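Spelled out from the first residue to the last, the chains are:
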Amino acid sequence: MNKLFLALALALPCLLSCKQKSEHTDFGYIVQVFTGGWNNQNYDTSAIIDRLDALSDEIPIKRVIIGWNLNPEPYRQIGEFLHGKGIEMFIWLPVFSEIGGLADCSPAVDLWGNAPASYALQEGEDFTFFCPSSKGNIDIFISIYEKYFSDCGFDGVFIDKIRSQSFVAGVSGILSCGCATCTAKFAELGVNLDDVKAAWETKGDDFFSVSSFDPAEGFTFSDILLDSFLKAKADIISESVGQICDYFHAKGMLVGMDLYAPLMAQFVGQDYVRLSEKADFIKPMLYRKTEAPAGIGFEYELLKKSIPAAEGYPEITTGIDFLNEQIGYVSKASCEKYPGIEINYREDIARTDPEYIRESIGAVKAAGFSGAVLSWDVMLAPDTHIECLE
């Protein structure tokens, strides 16, 4: 009997270790590769395959998000390689931005009829936004997929730019779209855009003042009209995005979504709960080191500069406590959650390091999420950034 107890005592630490390990076996990575804009191919196909092959030997890769250069042949070759390893391939496509480079789209305009300013980040990514309620724009997006990507062997589509412009364009970017189609849709939702415009012109920055901020719930706006406007904008965007999801789901494809960090999502028309009802997975862009659109600190600083007299906005420090608060908000989503963490390094806009990546991935694991997206271009990730994931 004593021998039996001794054997159990010796085995117990091993059993516990195995149990802890098994709890994390499903955690895996989605890898992003930016192949370039519509017309400029960034990498040779062989270079991408070699990189993904090496990565798959080091870390568990579930899916690869790749796009959005128009040349279909690389995707066919890369897809064959990935499927041979049991890895899914998703085409990465912008929805309400960039599509104007391929067709004549209905532009997004602010409440005064002007196009919000763009932001040129790199070739093929200029953040010029188009109307989210236009059926013609949705049809153009779908036609781009069908013409260039439908026979490449993709398992799903990863939709980006499913929002309005941000404070990159100042208040003009937030108070959009005000075209005739959107004006009618806002009216159906009980929001008169003339009233919104008059309130901003009368109250100025104070129109955007907030009465409270809860990391798990977001901002509570002092002016109920602004609150109604932003919720209606999210409804309009959710409806259009839902139509796109329905289209791809009917084709037997999965749908992933690129979402702003919760701190800024309310302003650009992204409702985590509604969007996640249509998604197979979401990728909240928890970019704490990015000094460009979607970078949390970058966007919040633009908010403060755009509405300096607005009250109630707290000072934000994007440390680990803040990250955990944002992860708590993400937990409200009903689909799989793969937060996006910058794995690439760019001296100009993304000065990441291994410690930042370890900290971020550790927080995502602790939250019990399905995994993380190594964003936004693994081809630019230093080896040290990959090694720290092992």
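Use the structure listed above.
All figures in this text were calculated on a predicted structure; none of them were measured in a lab. (Residues numbered from 1 in each chain as written. Predicted model: local features only at pLDDT ≥ 70, side-chain atom pairs only at ≥ 80, totals over all residues. Heavy atoms only, no water.)

**Quick word on the overall build of the chain**
Within the chain, the regular secondary structure consists of 14 helices and 11 strands. Taking the principal axes of its C-alpha atoms as reference, the chain extends roughly 80 × 50 × 40 Å. Looking at the chain as a whole, 55% of its 390 residues are labelled buried. For the chain, restricting intrachain contacts to residue pairs at least 6 apart in sequence, the fraction spanning at least 24 positions comes to 80%. Summing over all exposed atoms, the chain offers an accessible surface of approximately 15900 Å²; the carbon and sulfur share of this is 51%. Distance from the positive charge centre (31 side chains) to the negative charge centre (56 side chains) of the chain: 4 Å. (Helix = DSSP H or I, 4+ residues; strand = E, 2+ residues; numbered from the N terminus. Buried < 20%, exposed > 50% of the residue type's maximum accessible area, 1.4 Å probe, protein only. Contact = heavy atoms within 4.5 Å. Areas by Shrake-Rupley, 256 points an atom, 1.4 Å probe, with all protein chains shown as cover. Lys, Arg positive; Asp, Glu negative; His and termini not counted. Charge placed at Lys NZ, Arg CZ, Asp CG, Glu CD.)

**What about the packing of helix H2 (residues 45–58) against helix H3 (residues 73–84)?**
Between H2 and H3, whose axes approach to 10 Å, the crossing angle comes to 20 degrees. Comparing their axes, H3 and H2 come out roughly parallel. The handedness of the crossing between H2 and H3 is right-handed. Between H2 and H3, the residues in contact are Thr45, Ile48, Ile49, Leu52 and Asp53 and Pro74, Gln77, Ile78, Phe81 and Leu82, respectively. (Axes fitted to C-alpha atoms, helices over the stretch in contact; angles between N-to-C directions. Parallel < 35°, antiparallel > 145°, perpendicular 65-115°, else oblique. Left-handed = near helix turned anticlockwise from the far one by under 90°.)

**Some points on the layout of surface pockets**
Empty space among the atoms can be located by rolling a probe the size of a water molecule over them. Within this model, the largest pocket holds a volume of roughly 320 Å³. For the lining of the largest pocket, the element with the highest residue contribution is helix H8 (residues 224–250), accounting for 5 residues. Taken together, the residues of the lining of the largest pocket break down into 7 nonpolar, 3 polar and 6 charged. (1 Å grid on protein atoms, 1.4 Å probe; cavity = no way out; pocket = protein on both sides within 12 Å on 5 of 7 lines; lining within 4 Å. Points joined across faces, edges and corners; volume = space filled by probe spheres on them. Nonpolar A, V, L, I, M, F, W, Y, C, P; charged D, E, K, R; others polar.)

**Side note on the sheet that holds strand E1 (residues 28–34)**
Hydrogen bonds between backbone atoms are what pair the strands of a sheet, whose relative direction is either parallel or antiparallel. Spatially, E9-E8-E7-E4-E3-E2-E1-E11-E10 is the arrangement adopted by the 9 strands of the open sheet, whose pairing is parallel. The sheet is open, and its two edges are formed by strand E9 (336–337) and strand E10 (340–342), each paired on a single side. Across the sheet, H2 is in contact with E1 and strand E2 (61–67); its angle to E2 comes to roughly 160 degrees. Strand contacts of H3: E2 and strand E3 (88–94), with the helix running at about 145 degrees to E3, the strand carrying the most contacts. (Pairing = 2+ DSSP bridges.)

**With respect to the pairing of strand E7 (residues 254–259)**
In terms of residue burial, E7 counts as a mostly covered element, since 5 of its 6 residues are buried. Pairing geometry for strand E4 (residues 156–160) and E7, over 4 bridges, is parallel. By the bridge assignment, Gly156 is partnered in E7 with Leu254. Where E7 lies against strand E8 (residues 281–284), 4 bridges are found, and the strand directions are parallel. Looking across to E8, one finds that Asp258 is bridged to Lys283.

**Digging into the packing of helix H4 (residues 135–148) against H8**
Between H4 and H8, the least distance of the axes is 11 Å, while the angle of their chain directions is 30 degrees. The orientation of H4 with respect to H8, classified from their angle, is roughly parallel. By crossing handedness, the relation of H4 to H8 is classed as right-handed. Here H4 contributes Ile138, Phe141, Ile142, Tyr145 and Glu146 to the contact with H8, which in turn contributes Ser240, Gln243, Ile244, Tyr247 and Phe248.

**Examining the nonpolar core**
Membership of the largest hydrophobic core comes to 137 residues, with the highest contact counts inside it found for Leu52, Phe149, Ile159, Phe208, Met257, Phe267 and Tyr313. Aside from chain neighbours lying at most four places away, what touches Tyr313 is Phe208, Val210, Phe219, Phe221, Phe267, Tyr300, Leu303, Lys304 and Ile307. (Core = buried A, V, L, I, M, F, W, Y, C linked by side-chain atoms within 4.5 Å.)

**A short note on the side chain of Lys283**
Note that Lys283 resides in strand E8. Residue Lys283 is classed as buried on the basis of its relative accessible area of 1%. Within the local environment of Lys283, its side chain forms a polar contact with the side chain of Tyr287, the two groups lying 2.7 Å apart. Beyond its immediate chain neighbours, meaning those up to four positions away, Lys283 contacts Gln32, Phe158, Met257, Asp258, Leu259, Tyr338, Pro339, Gly340, Val373 and Ser375. (Polar contact = N/O pair within 3.5 Å; in protein donor to acceptor, adjacent residues only side chain to side chain.)

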